[in-house]
Amino acid sequence: MRLKATAKRLLLNTTAIGAFVVTIFPVYWMFLTAFKPTRDIQADTPTFWPANPTLDHFVTAVNAPGFWTYWRNSLVVTVAAVLIALVVSLLAAFAVARMRWRGRGAFVVAVFAAQMAPWEALLVPVFIIARDTELLDSLAMLTGVYFMITLPFTIVTLRGFLAAIPPELEEAAQVDGCSRLTAFRRVVFPLLAPGLMATSLFGFITAWNEFAFVNVLIIKDQDKRTLPVWLSSFRDVFGTDWGATMAAASLFALPVLALFLFLQRRVGTGMTAGAVKG
């Protein structure tokens, strides 16, 4: 039995390591290429470690026309969409998880359906709405679209977190003299912090990496585009500068990596923070 358990654990560990290598290798190759000299990138024999690492590609990417403009656009649109989605979804999730009202079941089904629907199917309707309302080439329209994309998932996720928090905690706080709003703020909200962090991380990644809607909604005013579109057209007169492209892609991925590293240690914590202690 012990030998069987050891073999099973070894198989699981080997599978996990293999999956990790397959998943992380493209990211590693992106960062590796960003630090390689151009002659090593174009060499016939690939190298898996930069013999002479250089920062020239990062300098080229940062100094490229429009880099900081597109970076700012991506950051503004993404952060605004995620914050608005968190506020609206928190209110909606609280209403679904804690209140009983006519049509609640239909609302939940509609949210799940919106979450499962492919967003690419909305490209044409959204374009027509933006055109008719004269919101093409507008960061406000782009923010609204990203808000629409991230909202169903955040409602579903926060509803699950709220449903897992016993309502008796709020009731106990209200018995002690707290209003419903105060009980939510002092008792439920600290317990909900992991859910807020998880949903904000997903929303940030979704909006930060979005490409199709930017390409459709931003037509004439190129200064309103975001980094994914800029990366797809990052070339020089000789063709694609792979070193600078990978350096720009690495800089593009850094905010997501930083946010993930900052939040991942806190997503699993705080599940019992704020509970009533007796």
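In this report, the structure presented in the accompanying data block is examined. Keep in mind that this is a model prediction, so the values were computed, not measured.

Here we come to the overall build of the protein chain. Counting secondary structure elements, the protein chain contains 12 helices and 0 strands. If you line up the protein chain on its principal axes, its C-alpha atoms span 70 × 70 × 30 Å. Taking all 278 residues of the protein chain together, 36% fall into the buried category. For the protein chain, the accessible area works out to roughly 16400 Å², and carbon and sulfur atoms hold 69% of it. Here the protein chain holds 23 positive side-chain charges and 16 negative ones, and the gap between their average locations is 14 Å.

A separate point is unusual backbone geometry. Phi is positive for Glu134, close to 60°, though the residue is something other than glycine. Its place among the elements puts Glu134 in the loop between helix H6 (123-132) and helix H7 (139-164). Among the residues examined, Glu134 registers a relative accessible area of 73% and is labelled exposed. For Asp137, which is not glycine, the phi dihedral falls at a positive 60°. Within the fold, Asp137 resides in the loop between H6 and H7. Assessed through its relative accessible area of 18%, Asp137 is described here as buried.

What follows deals with the packing of helix H8 (residues 167-175) against helix H9 (residues 180-209). At a minimum axis distance of 9 Å, the contact between H8 and H9 shows a crossing angle of 140°. One way to sum up the angle between H8 and H9 is to call them oblique. Between H8 and H9 lies a crossing of right-handed hand. Residues Leu169, Glu170, Ala173 and Gln174 of H8 lie in contact with H9, whose contacting residues are Arg180, Ala183, Val187, Val188 and Leu191. Split into classes, the residues belonging to the contact of H8 with H9 amount to 6 nonpolar, 1 polar and 2 charged.

In terms of nonpolar packing, the biggest core is built from 37 residues, with Leu162, Phe184, Leu192, Leu227 and Trp230 touching the most fellow members. Mapped onto this core, the elements with two or more residues apiece are helix H1 (2-35), helix H3 (56-62), helix H4 (67-98), H7, H8, H9, helix H11 (227-232) and helix H12 (242-267). With 9 residues, H9 is the largest single contributor of residues to this core. In this structure, Val77, Leu142, Ala207 and Phe213 belong to the second largest nonpolar core, which totals 17 residues.

Tracing the backbone through its elements, the reader meets Thr33 in helix H1. Relative accessible area serves as the criterion here: at 7%, Thr33 is assigned to the buried category. Residues within four places of Thr33 in sequence aside, it is in contact with Ile41, His57, Trp242, Gly243 and Met246.

What follows deals with H8. Where H8 is concerned, the buried positions are Leu169, Glu170 and Ala173. Mapping the buried residues of H8 onto a view down its axis gives an arc of 100°, with all of them on the same face. Looking at the packing, one finds that the buried side of H8 touches H4 and H9. Looking one or two residues beyond H8, the residue adopting positive phi is Gly177, at roughly 110°.

Quick look at the packing of H4 against H9 now. Packing of H4 against H9 leaves a shortest axis separation of 9 Å and a crossing angle of 135°. Taken as axis vectors, H4 and H9 run oblique relative to one another. The handedness of the crossing between H4 and H9 is right-handed. Taking contact as the criterion, the partners of Ser74, Leu75, Thr78, Val79, Val82, Leu86, Leu90, Phe94 and Arg98 in H4 are, on H9, Arg180, Phe184, Phe189, Leu192, Leu196, Thr199, Ser200, Gly203, Phe204, Ala207 and Trp208. Looking at the contact of H4 with H9 residue by residue, the class counts come to 13 nonpolar, 5 polar and 2 charged.

Definitions and limits used
- Residues numbered from 1 in each chain as written.
- Predicted model: local features only at pLDDT ≥ 70, side-chain atom pairs only at ≥ 80, totals over all residues.
- Heavy atoms only, no water.
- Helix = DSSP H or I, 4+ residues; strand = E, 2+ residues; numbered from the N terminus.
- Buried < 20%, exposed > 50% of the residue type's maximum accessible area, 1.4 Å probe, protein only.
- Areas by Shrake-Rupley, 256 points an atom, 1.4 Å probe, with all protein chains shown as cover.
- Lys, Arg positive; Asp, Glu negative; His and termini not counted.
- Charge placed at Lys NZ, Arg CZ, Asp CG, Glu CD.
- Axes fitted to C-alpha atoms, helices over the stretch in contact; angles between N-to-C directions.
- Parallel < 35°, antiparallel > 145°, perpendicular 65-115°, else oblique.
- Left-handed = near helix turned anticlockwise from the far one by under 90°.
- Contact = heavy atoms within 4.5 Å.
- Nonpolar A, V, L, I, M, F, W, Y, C, P; charged D, E, K, R; others polar.
- Core = buried A, V, L, I, M, F, W, Y, C linked by side-chain atoms within 4.5 Å.
- Arc of directions from axis to C-beta.

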